[in-house]
Amino acid sequence: MFNTELEMSKLFEKFLKVNFGNSYLKEYQGLFGVPDFVFYSKDDDEVSIISFELKLKDWKRAAKQAFRYKSFSNIAYVVLCSKSANSALNNIELFERYNIGLARFDKESEFQILYKPALSRPFSDTLNQKLVNSIGSSRKKSKNCEMFFRV
Amino acid sequence: MKVYHQTGFRDNWNRESYLNGIGDGLIFSPINIDADKLLGFDSILKVNSFLDPQLYLLNEAKGTLHTYPYFPGNLKPDFSTPDLDNSNLQIAQLCVDYQVANNFKYLVIPTRYNEDNPTSYFIQSTEFFVLPFCEYVRGNNINKKILLSVIVKPIMLSDEEKRNEALNWITSHQQVDGVYLIFENNFNSKQIKDFDYLLNTLRFISVLKENQMEVHIGYTNTEAILYSIAMPDSISIGSYENLRSFGIKRFQDIENSPMRAPNARLYSSKLFQWIDYQYITAMKSLLPSYEDFFDDSEFKPLMFKPEFKWHFAKPEPYKHYFYVFDNQIKSIPIEQICRIEKLKEDLRSAITLFKKIENVVFLDDNSNGSHLPTWLNVINAYQRELDN
């Protein structure tokens, strides 16, 4: 069990780097809500955005926050510790209905996707473009990001 | 029931709307309008309006408050409570004279704000404000209705003894025709969802009406329509959130305090809610008839254009709200029982509409309809009390 969300966030950042690359922004402000991590993947001119909201408890609040991130992201995930993930799993239809990803993450850096959402277009072109502009000419590389969504 | 514009920053939006036939008058805000500028306003803006004297904090010269002749700091630097012993008559005279010079519809007796009211609060208020004000009005044969400003603190609603004490005090002044009620709002949510608070507010208004007082409620948000079932004489509409919810911070000269700009929101009379515009973007993507959830106004076409840059400081969403909410209030039935039934019907309809939206858009608690079931319960409880 994580003691704090900060502890969870630090470990998740390490996990992201090792498995998916370092193409991410942390707690990026000025959008609709503040996602814990915004992961991006560049393919020619196409930029795909995956946002993550990490929580130790209150999965429903996390899901509401994640839905906001769909304004600028192609995918939004709620990442919960094992205990909270079980409560969220009992309400999996909510994640299906709103096309929000759900994952479990624990102290041993074990990451398990419980619901894999479909890739979708961000609701707001303006917010998405704002984010894409700030990513700009970043040369950071991503890998394996296809595992986060259904095609 | 009348609708007053609670003015503040950007009061020109209210004045423009009022001149376009929206609302029944304005409540002027000294911290935002220079005293001489207000004196120079066309009488058409003032004849159905009144002044909120804003003597809430004796020592705070926020904004343009110091330009008002009755501002205590103009009588004595570092004016404090003990100075009221010697200066109350002078303040009353200057305050009445200024209001008379503007030819407002009502004369408003000021009130003070305390974090926690002292036990002598009502005695002091009578001595320092009510008596000198009323005596000066009577002595000078000024023929205008008098309103008493009262800040209703949450404890004055929840604690029956304090509630009765406040009601007894308000109704004990023979020369006072009515009350300018200001319900202090300490809630974190944008809509009030506290059953007891809302029911006690309705009870509070009802007692004042039973005592033949005019009841004018300032600083109201959407809950004004709920308050309408207790038959007040007026409610208020305001632009920014701090004009639709009373908090003392607005009157404190706090420099360099961190400010976070809120997201722009759009009011919907069909939903009894202000929806964060980012959710409207989501609704546009997911609900083909998303525009139908929002009222028509002269501002709507512009706001729904893709190139419209939403920002909380833009006038269109507020002017839209003034128009829509004024119409909503004006359309409620005159008879109390019909008003209650109509509101219940409209609230049920809003709950149904929210279900349609939330089938695809996951709204947060400040944009969803989570306040509506509580409001329905409050109405039912109040209705039961009326029947008994």
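In the block above lies the structure referred to throughout.
The rules behind each value
Residues numbered from 1 in each chain as written. Chains lettered and ligands numbered in written order. Predicted model: local features only at pLDDT ≥ 70, side-chain atom pairs only at ≥ 80, totals over all residues. Helix = DSSP H or I, 4+ residues; strand = E, 2+ residues; numbered from the N terminus. Rg over C-alpha atoms; globule rule 2.2 N^0.38 Å. Contact = placed C-beta atoms within 7 Å. Axes fitted to C-alpha atoms, helices over the stretch in contact; angles between N-to-C directions. Parallel < 35°, antiparallel > 145°, perpendicular 65-115°, else oblique. Left-handed = near helix turned anticlockwise from the far one by under 90°. Nonpolar A, V, L, I, M, F, W, Y, C, P; charged D, E, K, R; others polar. Buried ≥ 20, exposed ≤ 12 C-beta atoms within 10 Å, placed from the backbone. Pairing = 2+ DSSP bridges. Right-handed = clockwise from strand over helix to strand, strands pointing away.

Draft legend 1. Local environment of the overall build of chain A. Within chain A one finds five helices and six strands. The order of helices and strands in chain A, counted from the N terminus, is α-β-β-β-α-β-α-α-β-β-α. Rg of the C-alpha trace for chain A: 14 Å, near the compact-globule value of 15 Å for 151 residues, within the 12% margin. Referenced to the eigenvectors of the C-alpha coordinate spread, the extents of chain A come out at roughly 40 × 30 × 30 Å.

Draft legend 2. Highlighting the environment of B:Asn221. As for its placement among the helices and strands, B:Asn221 is situated in the loop between β7 (214–218) and α10 (224–227). Excluding residues that lie within four positions of it along the chain, B:Asn221 makes contacts with B:Arg244 and B:Ser245.

Draft legend 3. Quick look at unusual backbone geometry. All names here are of chain B. Backbone geometry at Gln212 places phi at a positive 55°, although glycine is not the residue there. With respect to the secondary-structure elements, Gln212 resides in the loop between α9 (195–210) and β7. Phi at Tyr219 takes a positive value of approximately 55°, unusual for a residue other than glycine. With respect to the helices, strands and loops of the structure, Tyr219 is situated in the loop between β7 and α10.

Draft legend 4. Representation of the packing of helix α5 (residues 84–102) of chain B against helix α6 (residues 121–139) of chain B in the model. All names here are of chain B. For the pair α5 and α6, interaxial distance at closest approach is 9 Å and the crossing angle is 45°. Relative to α6, α5 is oriented oblique. Two packed elements cross with a definite hand, and for α5 against α6 that hand is right-handed. Residues Leu84, Asn88, Leu89, Ala92, Gln93, Cys95 and Val96 of α5 lie in contact with α6, whose contacting residues are Phe128, Pro132, Phe133, Tyr136 and Val137. A per-class count over the contact of α5 with α6 returns 10 nonpolar, two polar and no charged.

Draft legend 5. Region of the structure containing the pairing of strand β3 (residues 46–55) of chain A. Residue and element names in this part refer to chain A. The element β3 is extensively covered by neighbouring structure, given that seven of its 10 residues are classed as buried. The sheet contact formed by strand β2 (residues 37–43) and β3 spans seven bridges and is antiparallel. Looking across to β3, one finds that Phe39 is bridged to Ile50. With six bridges joining them, β3 and strand β4 (residues 75–80) adopt parallel strand pairing. When the sheet's bridge partners are listed, Phe52 is paired in β4 with Tyr77. Where the polypeptide runs from β3 across helix α2 (residues 59–69) and back to β4, its parallel neighbour, the crossover connection is right-handed.

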